[in-house]
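Read off the chains here:
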Amino acid sequence: MRHLSGSRAGQEQTFRSETITIGRNPTSSIAFDAERDLAVSGRHAEVVLRDRAWVLRDLGSSNGTFVGSERITERPLRPGEIVQLGKNGPRIEFVFRVSPTTGEVEPTIVVPTDMENVPMEGRTVAMMMQSPPPPSAAAGGIPVPPVMPKQRKGIKPVFVILGSLVLIVGLLIAGLAAIIFMKARAQRSEIASEAASIQQVEEEKVAEANRLREELVQQREIVSQTEEQLKAAQVEPPSGAAAETGTDGAELERQLAESQRMLEEVTRQLQMKNDEIVKIRTQPPPTVRPTPVSGVRTATAKPVKKQQTPATTSPPPPAAAEVQPPANLITGKQLKRLIGVRAIAPEVPPADLPDRTGDELAQMIQRSLITLGDIAPDDSGIASVAVSVINYQAGQRTNVNLRSASEAASRIGSLAGESIPRTPVNVTSITFDSSMSIRVRMLDRSGGTVAEATPASAAKGTRSSVSLDGVPFSQVFGSDTPPGDVARDVVGQAVEAISAQVRQMEWSTAATRSSDPKKVTLRAGRNANVEIGDVFKLVDRNRAVANVRVVELGDATSTAEVLDGDVRSDGLRAHYLGFAGTSPSALTRGAGPKHVRMRSNADAHQGPGKSFPKVKGLRRGARAQLHYTVGIWAKVSDAKGTFWVPLTAAGIE
């Protein structure tokens, strides 16, 4: 397919799968820019092969899928048709390969191009070879006389002896193969039993984790009910039976503290069970252990005992020496640091906090970290980030007699993606008082806290125009509202705190053994700027045990061969050493700072939103260095200072 417009205009892609997903989700087959292609949904559409024909299906996208001027839900595609994602969204063209023999559409989407520019591995060459028929007299050929069989001579005795020896050797080999087969079958049965035992343990762990999840939900309900009782007790003093039994505010506070303690304990136990399940699922599968073919077990056990006897009186052998890094490596390339961001429930949730606010903030922080250029999302990296909301206030009132934006938003009650009612919320001016503070904790691989920050922001004043009419509540943090401005400011502070801490940590990722004893799998690929030829050292408990070089590359993983050392244990960490080759292409990929250029006149603000004070005005064509983006706002700087500009008026170079 060929990108005709959008952020990927001019690019071409070839697919050979029967399902092709389209959207802004990074895991999509055709992934669009999450910040620039806003008309495309996360899971917008897909193209599937059905009955030797390609069918285009819309996956419930917000802006629709069009073929020509027709908005479609599902319809077959014809070669050369142009698909548009949203009325003003990107346009793409599909071209199919047709079988030259049957005339049917093959399960391959290709881009027409000159064959001399296509690599050999991309070409399909079918060659049919047929022997010529023998000449005949009718065809003018020379007749071939029939071949007369030769007379058999008597079989010599030496051949009889040799045949007997061959038969005996064959019988011995067959018997040996039967013994090997029987032992292999016994070992396979043992491995199957061991695998079944591991599966049973995993099922028990999963059942225990599900039970803890149910208990966690119950504890949260208890905490919520106790908080409501405590609020009621603070408003109205106890009277009657409550006063006689002593069920006052102090008792309710004690019950609330106990419930919160139980909630934390259940959360901790659930995290431990999840870690155990992950450990079981990531351990290597049982393999066939080699055993001697001939001889009895008791006969081979005696020499082992004799060798072990003197070992009890001698000191243990010294540990293997730490491997040294290879020479002549090219250094200087920076790999993207892998971290994961997740939301955790606050100890005391704010009273008016909408549902899934923590998850929305975690996703926004992760997307903004990606725009820094040297950080990529992955839970197997050097650290993880836990985000929880401490304070939230979205107070605002209109200066005319209309329903306020906060009242309209409260009718939704969650960030589930529903739309605010169509009741007009456009006002001539509003008075707002919004604030938010969050806790950001940087965790190491063992779950310990490395650093902690509490970003906070507040905006108070009057704005002349704000509109929430028809804006999905799940996008309120990305919309032009005071709560959205405050949330983006908090996210920006979190991004700077996280990036400053991460850049002080040594790059590493997880490494696991593969079925091949001379290869390992690294949890880093193109997402971390890794390429074929990169060399890593494998560390086991702070000791370098092997050096490996990447030979196969994937999007999120890579396969490396062992150069020296030995890989015998799991739980290894890979540290980058350098590049073995002439020159790594990633040295210049994405090098240098990025910039934005104003496409129209716009105001620069002190924070990421119009609720913050205006700093200055920028004219069309003005250029500034880009730091990162948060939603639809970008933090930039020039010779006069640092400020925020809307991406609707600025283009990233």
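The rules we used
- Residues numbered from 1 in each chain as written.
- Predicted model: local features only at pLDDT ≥ 70, side-chain atom pairs only at ≥ 80, totals over all residues.
- Heavy atoms only, no water.
- Helix = DSSP H or I, 4+ residues; strand = E, 2+ residues; numbered from the N terminus.
- Buried < 20%, exposed > 50% of the residue type's maximum accessible area, 1.4 Å probe, protein only.
- Areas by Shrake-Rupley, 256 points an atom, 1.4 Å probe, with all protein chains shown as cover.
- Core = buried A, V, L, I, M, F, W, Y, C linked by side-chain atoms within 4.5 Å.
- Contact = heavy atoms within 4.5 Å.
- Pairing = 2+ DSSP bridges.
- Salt bridge = Lys/Arg side-chain N within 4 Å of Asp/Glu carboxyl O.
- Polar contact = N/O pair within 3.5 Å; in protein donor to acceptor, adjacent residues only side chain to side chain.
- pLDDT = per-residue confidence, 0-100.

**Some thoughts on the overall build of the protein**
Counting secondary structure elements, the protein contains 7 helices and 31 strands. Buried residues in the protein amount to 36% of all 653 residues. Entry remark: accessible area of the protein is about 38900 Å², with carbon and sulfur atoms responsible for 53%.

**Side note on the nonpolar core**
Core analysis: the biggest nonpolar cluster contains 36 residues, and Ile-339, Ile-365, Leu-369, Val-385, Met-436, Ile-438 and Ile-498 have the highest contact counts within it. For this core, the secondary-structure elements that each account for two or more residues are strand E13 (337-343), helix H5 (357-370), strand E15 (383-398), strand E16 (430-443), helix H7 (482-502) and strand E28 (623-630). If you tally residues by element for this core, the top one is H7, at 8 residues. In this structure, Ile-438 is in contact with Leu-361, Ile-365, Val-387, Ser-388, Val-389, Ile-390, Ala-453, Thr-454, Pro-455, Val-490 and Ala-494, ignoring residues within four places of it in sequence. In terms of nonpolar packing, the next biggest core, distinct from the first, is built from 23 residues, Val-545, Val-550, Val-567 and Leu-572 among them.

**Let's talk about the sheet that holds strand E6 (residues 65-67)**
With antiparallel pairing, the 5 strands of this open sheet are ordered in space as E1-E10-E9-E6-E7. Looking at which strands have only one partner, the edges of the open sheet turn out to be strand E1 (2-3) and strand E7 (70-72). For E6 and strand E9 (residues 82-85), the ladder comprises 3 bridges, and the chain directions are antiparallel. From the neighbouring strand, Phe-66 faces E9, where its bridge partner is Gln-84.

**Digging into the pattern of salt bridges**
Tallying each qualifying case throughout the model produces 22 salt bridges. A cluster of three or more residues bridged by salt bridges with shared partners is formed by Glu-46, Arg-50, Arg-57 and Glu-74.

**Points about the side chain of Asp-489**
Its location among the elements puts Asp-489 in helix H7. A polar contact of 2.7 Å, which involves the side chain of Asp-489, links it to the side chain of Ser-457. Apart from residues lying up to four places away in sequence, Asp-489 is in contact with Ser-457, Pro-608 and Phe-612.

**Details of unusual backbone geometry**
Despite not being glycine, Arg-52 has its phi angle at roughly 60 degrees, a positive value. Classification of Arg-52 as partly exposed rests on a relative accessible area of 39%. Here Asn-328, not a glycine, exhibits a phi torsion of approximately 60 degrees, which is positive. The topology assignment puts Asn-328 in the loop between helix H4 (297-308) and E13.

**Quick look at the confidence of the model for the protein**
In the predicted model, the protein carries a mean pLDDT of 75, and 70% of its residues have values of at least 70. Taking the mean pLDDT of every element in the protein, the minimum, 38, falls on H4 and the maximum, 94, on strand E30 (residues 641-646). Counting interchain partners and residues more than four positions distant, the pLDDT-below-50 stretch residues 290-319 has 9 contacts. Overall, residues 468-474 carries pLDDT values under 50, and its contacts beyond four positions in sequence, including any with other chains, amount to 28 contacts.

**A closer look at the pairing of strand E20 (residues 519-522)**
Only one face of E20 is covered, namely the face carrying Val-520 and Leu-522; the face carrying Lys-519 and Thr-521 is uncovered. Alignment of strand E19 (residues 509-513) against E20, held across 3 bridges, turns out to be antiparallel. If you follow Arg-513 over to E20, its bridge partner there is Val-520. The turn joining E19 and E20, which pair antiparallel and follow one another in sequence, is formed by 5 residues. The pairing of E20 with strand E23 (residues 558-565) spans 4 bridges and is classified as antiparallel. Across the sheet, Leu-522 pairs through a bridge with Ser-558, a residue of E23.

**So, the pairing of strand E24 (residues 572-579)**
One face of the sheet, then the other: side chains in a regular strand alternate in exactly this way. Judged by how many residues are buried, E24 sits mostly within the fold: 7 of 8 residues are covered. Relative to E24, E19 is paired through 3 bridges, and the arrangement is antiparallel. Within E24, the residue paired with Ala-511 across the bridge is Leu-572.

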